[in-house]
Each structure stands twice: as structure tokens, then as C-alpha cells.
Amino acid sequence: MTDDYAAPPEEHWQSRAAEGEDVSEREPATWEPIDLTAVLNGTHQAPQPTYMEREDGVCLGYPALVHALNGESESMKSMVAQAESARSVNEGIDVLYIDCESDQGAVINRLLMLGARPEQIKDYFHYVRPQMHPAGTEQERLAFHGLLQRDYGLAIIDGITEAFAIFGVKSIDNDEVTRWGREIPRRIADKTGAAVFLIDHVTKSEEGRGRFAIGAQAKLSYLTGAAYGLEVIEPGGVGMIGRIALRIGKDRPGQVRPNAGTWRKSDRTQEIAVAVFDSTEPGKIHYRLEAPRSVDEGSGTNWQPTALMGQISQTLQDSGKALSFRSINACVRGKRETIEKAITDLVQLGHIRIEQGPRNSHLHHLIHPYPAGDTLTSLKAV
């Protein structure tokens, strides 16, 4: 392992001309002006989250961007990453898992318990356990370069504190942390298209924690996607059902936060999901990612399932007629109680009305489509 982390990036990451690669073609000059035509003509698409899907269809992870899962010890942050890895490989999505804290036996056993199929793990799960800086030897450099030559849907770097030790990064040095963030996670995201998630610890002091992981505040600056803090609602373990609140503290593209719960002023976060790990069945862990709780504890303020409200509104608009609850339930994704709350909120906002139908059914009529910015709070403010 080298202590000279400030060595030029060229020496660390870029292929040498002597190896026969045309670097200029592989990496276009970033100082060339960017073509703005798509932005000006309205065809440019903002990044959309497609990974870490909640039960109601809302996703929390952006492709080709860097995210963080921050939490105290035993907040099950690695479990969340492994659960999403298991779900991805079962769907035929390649996952890169860079493990700086555990070992392949523990991780693979966890994936199997989470329902990942052995043949899917073999084909789609790419496990790496680095022990030195990628520039430490020629063999390590070539291996790291090889990781960047394929596409992944999801990439996990588990154990940022240990990763910094491997790379010779001082966790309180903003310059070193920023350089590492650009040269490792952001490089992986840019080159492979993966939604990259960094698993990190937070300070034990809740008062000084804020939205940051432990160490330099630059950890938040190199994130290009979203940052999530994990808080234990109910602890997990063998024979138990653990529940973990995910709170969003940063959302650079801005597409996830509108689906979050109540704003908490103390740390400027909102609950975005609840991860549930049911370990009551021997040898198995059943995982689901729920929408935020209806009431954010400590505030007493109702959360609105805005994503479902939009889906229900669109379903009624597309049908062109009143629909029963059964018909709506068949067309949208979500738990029954969440759908019922979404309908109740739409009625309160004046977007739909409910009338008695045949055989004790209730028919839902669309009055006017539900816009994303219409909330109970904004209605009361008028």
C-alpha cells in the first residue's frame, strides 16, 4: 500500500499508451464545450431513479450516480445493500460488491438467506475484497482497470472507514476525501453506469450528526445521487422482525425527495422508506422496502403517498370512467392501506369524489388530475 495518495491520477487509473490503448478515444476531453442542443430543445432528460424500489413503485437509486447509506453500528446498513444486491441478481442485473469489512462467506450466506438463487449469484454477483491500493502493484492496477470495463446495475462499497485505510486517505482531510470520491466511486459510476452506494458510519452523537457520515464533510460533496441516513425503529436479529427508517438528507437530482415524508428540522431530513427484515422463518430473511410511515414520529404530521396519488389519478384519467376500489387496486402498486390513504387524501384535496355503486361497491370519479405539487399542507395555506 502506498502512502502517497496525492500521486497524479494518470499514474493511478489511466491506461498507458505503451499498452496499446487509445486513451483519447476512451476518455473524451472534459474541457471541450458540451453540446447544449438537447437542453435547449427540451429533449434532455433529468436523471431518474430506477434502483431500490419501494413497494409502491418509487425508486431511491439513480443509475450512474453515487449515493450513501449512513448509519450507526447495527443499523443494518450493510443488510440493506445486500438485500438490494440479492433482489438485483435475481432479476439478472450485474452487481459489483467491493467489501472492505467482511468476507465472501458471510456476504454470500446472507445473500442466500435473503433469497438470492445460487446460479444467479454465480452469474451476476461480482465480489471484490481489496487488500491494497489499486496502484500498489501492476497486477492490482490491471485488476481495477478490468472492473471498469463492464456494466453494472448496482455497485456497493461496504466499509468506507476501512476503504480509506486501504487507500491511505485521512478521513478528516477534505482534500484527500474529495479526491478519493472522484477517483473511486464517481469513476465507477461514470464508467460502468452503476448506481453506486457507499456504506458508512455516522457519529454516535445525535446532536452533532446532521446529514453527514463520520469524518470530513467532503463525504457529502462528492455524492451525485442521494444520501440516506438509517435509523433503527425495531432492532433485527434471528427470530425477529427488524424495521429500519431510511431518511433522505441529500437528493442532488431532486427526483426522490418529493416522495418522502415530513421534514425534520433538527437534521433537515425526511423519512423516505422503511426497510423490513423478517427473520422469523429459520434460515431465511424476508425483505421488503415500504413507503414512509403515515405519521412521522415526533412531529404528528401526516405523510402523503404522493407517488400513489399520482398513479391513482392517472389510472382514473386513462380509464375515462369511475372505477371501484378493486379496479384501482389492480392498476397501481402498493399496500392496501397505503392505497386507501392515497384515495382519502385525493378526496380531501378535491381531486376525486366517491359515490355508492352497485352491490355495495364504491365508485371513484376523477374531478381534476392530481398535480405533483398539490398537498394538504399547501391547501391549508391557501
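Notes on the structure in this doc start here. Please read these numbers as outputs of a predicted model, since none were measured by experiment.

## A word on the overall build of the protein
Check the secondary structure of the protein and you find 15 helices and 15 strands. Across the 382 residues of the protein, 46% fall into the buried class. Sequence-distant contacts in the protein: of pairs separated by 6 or more residues, those separated by 24 or more amount to 67%. A total accessible area of about 19200 Å² is found for the protein, and carbon and sulfur atoms account for 51% of it.

## Describing helix H9 (residues 174-183)
Structural remark: α-helix, 3.6 residues per turn; residues separated by three or four positions point the same way. Glu-176, Val-177, Trp-180, Gly-181 and Glu-183 are the residues of H9 that are buried. Measuring from the side-chain oxygen of the N-cap residue of H9 to the backbone nitrogen of Asp-175 gives 3.0 Å; that N-cap residue is Asp-173.

## Section: the pattern of salt bridges
Tallied over the full model, the rule gives 16 salt bridges. Between Arg-150 and Asp-94 there is a salt bridge; the shortest N-O distance is 3.4 Å. A residue pair is termed long-range when its members are at least 10 positions apart, and Arg-150 in the loop between helix H7 (138-147) and strand S6 (154-158) and Asp-94 in the loop between helix H4 (77-90) and strand S4 (95-99) qualify at 56 residues. Given a relative accessible area of 16%, Asp-94 falls into the buried group. The closest approach of N and O atoms between Arg-117 and Glu-119, which form a salt bridge, is 3.6 Å. On the basis of relative accessibility, which here comes to 36%, the residue Arg-117 falls in the partly exposed class. Here the salt bridges do not stand alone but share partners, grouping Glu-231, Arg-264 and Asp-267 into one network.

## Focus: the pairing of strand S8 (residues 226-234)
By the bridge criterion, four bridges tie strand S3 (residues 66-71) to S8 in an arrangement that is parallel. Bridge assignment links Gly-71 to a residue of S8, and that residue is Leu-230. Bridge analysis of S8 against strand S9 (residues 241-251) gives eight bridges, and the strand direction is antiparallel. Directly across from Glu-234, in S9, lies its bridge partner Arg-243.

## Considering the packing of H4 against helix H5 (residues 104-113)
For the pair H4 and H5, the least separation of the axes is 9 Å and the interaxial angle reads 60 degrees. In terms of axis orientation, H4 runs oblique to H5. The crossing of H4 and H5 is right-handed. Here Met-79, Gln-82, Ser-85 and Ala-86 of H4 come into contact with H5, specifically with Val-107, Arg-110 and Leu-111. Considering only residue class, the contact of H4 with H5 consists of four nonpolar, two polar and one charged.

## Remarks on the nonpolar core
Among the nonpolar cores identified, the biggest contains 43 residues, and Leu-60, Tyr-228, Ile-272 and Phe-277 are the most heavily contacted of them. Listed in part, the 29 residues of the second largest apolar core include Ala-68, Leu-220, Tyr-222 and Leu-223.

## Comments concerning the pairing of strand S15 (residues 362-366)
Sheet topology places strand S13 (residues 323-324) next to S15; two bridges connect them, and they run antiparallel. Paired with Ser-324 across the two strands is Leu-363, which belongs to S15. Here five bridges tie strand S14 (residues 352-356) to S15, and the two strands are oriented antiparallel to one another. When the sheet's bridge partners are listed, Glu-355 is paired in S15 with Leu-363. Taking the residues between adjacent antiparallel strands as the criterion, S14 and S15 are bridged by five residues, where Arg-359 takes a positive phi near 55 degrees.

## A closer look at the sheet that holds S14
If you walk across this open sheet you meet the three strands as S13-S15-S14, and the pairing is antiparallel. Of all strands in the sheet, those bounded by a partner on one side alone are S13 and S14. Across the sheet, helix H12 (residues 306-319) lies against S13, S14 and S15, angled at about 85 degrees from S15, the strand it touches most. Its contacts with the sheet put helix H14 (residues 336-348) on S14 and S15, and the angle it makes with S14 is roughly 110 degrees.

## Focus: unusual backbone geometry
Of note in the backbone geometry, Met-52 takes a positive phi value of approximately 60 degrees without being a glycine. Structurally, Met-52 can be placed in strand S1 (residues 51-53). Looking at Met-52, the relative accessible area reads 4%, which means it is buried. You will see that Met-76, though not glycine, has its phi angle at about 65 degrees, which is positive. Following the sequence through the fold, Met-76 ends up in the loop between S3 and H4.

## Digging into a nonpolar patch on the surface
A contiguous nonpolar surface patch, about 470 Å² in accessible area, is contributed by Ile-34, Leu-36, Val-39 and Leu-40. Positionally, Val-39 belongs in helix H3 (residues 37-40).

Conventions adopted
Residue positions are counted from 1 within each chain, in the order its sequence is given. Only residues with pLDDT of at least 70 get local features here, since the model is predicted, and only at 80 or more are side-chain atom pairs given and counted; chain-wide, interface and lining totals rely on the full set of residues. The side-chain figures draw on all heavy atoms in the structure; neither hydrogens nor water molecules are used. By definition, any uninterrupted DSSP run of H or I lasting at least four residues is a helix, any uninterrupted run of E lasting at least two residues is a strand, and each is numbered from the N terminus. The cut-offs for exposure are 20% and 50% of the maximum accessible area for each residue type, with area from a 1.4 Å probe on protein chains only; residues under the lower value are buried, those over the upper are exposed, and the others partly exposed. Any two residues whose heavy atoms approach within 4.5 Å at even a single point are treated as in contact. Exposure was quantified through the Shrake-Rupley algorithm and a 1.4 Å probe, taking into account, for residues, occlusion by the shown protein chains and nothing else. As used in this structure description, the phrase polar contact means that two N or O atoms lie within 3.5 Å; if the pair is within protein, one of them must be able to donate a hydrogen and the other to accept it, and residues adjacent in sequence are counted only when both atoms belong to side chains. A side-chain nitrogen of Lys or Arg and a carboxyl oxygen of Asp or Glu constitute a salt bridge if their distance falls within 4 Å. By definition, two strands form a pair when at least two bridges between them are found by DSSP. The angle between two axes is taken between their N-to-C directions and runs from 0 to 180 degrees, where each axis is a line fitted to C-alpha atoms and a helix contributes only its stretch in contact. Convention used here: angles under 35 degrees read as roughly parallel, angles over 145 as roughly antiparallel, angles from 65 to 115 as roughly perpendicular, and any remaining angle as oblique. Should the near helix be turned anticlockwise from the far one by less than a right angle, the crossing is termed left-handed; should it be turned clockwise, right-handed. Basically, the charged four are Asp, Glu, Lys and Arg, the nonpolar ten are Ala, Val, Leu, Ile, Met, Phe, Trp, Tyr, Cys and Pro, and anything else, Gly included, counts as polar. The definition of a nonpolar core used throughout is a set of buried Ala, Val, Leu, Ile, Met, Phe, Trp, Tyr and Cys residues joined through side-chain atoms within 4.5 Å. Like charges within 9 Å and nonpolar side chains (Val, Leu, Ile, Met, Phe, Trp, Tyr) within 5 Å are joined into patches, using only residues over 30% in relative accessible area that form no salt bridge.

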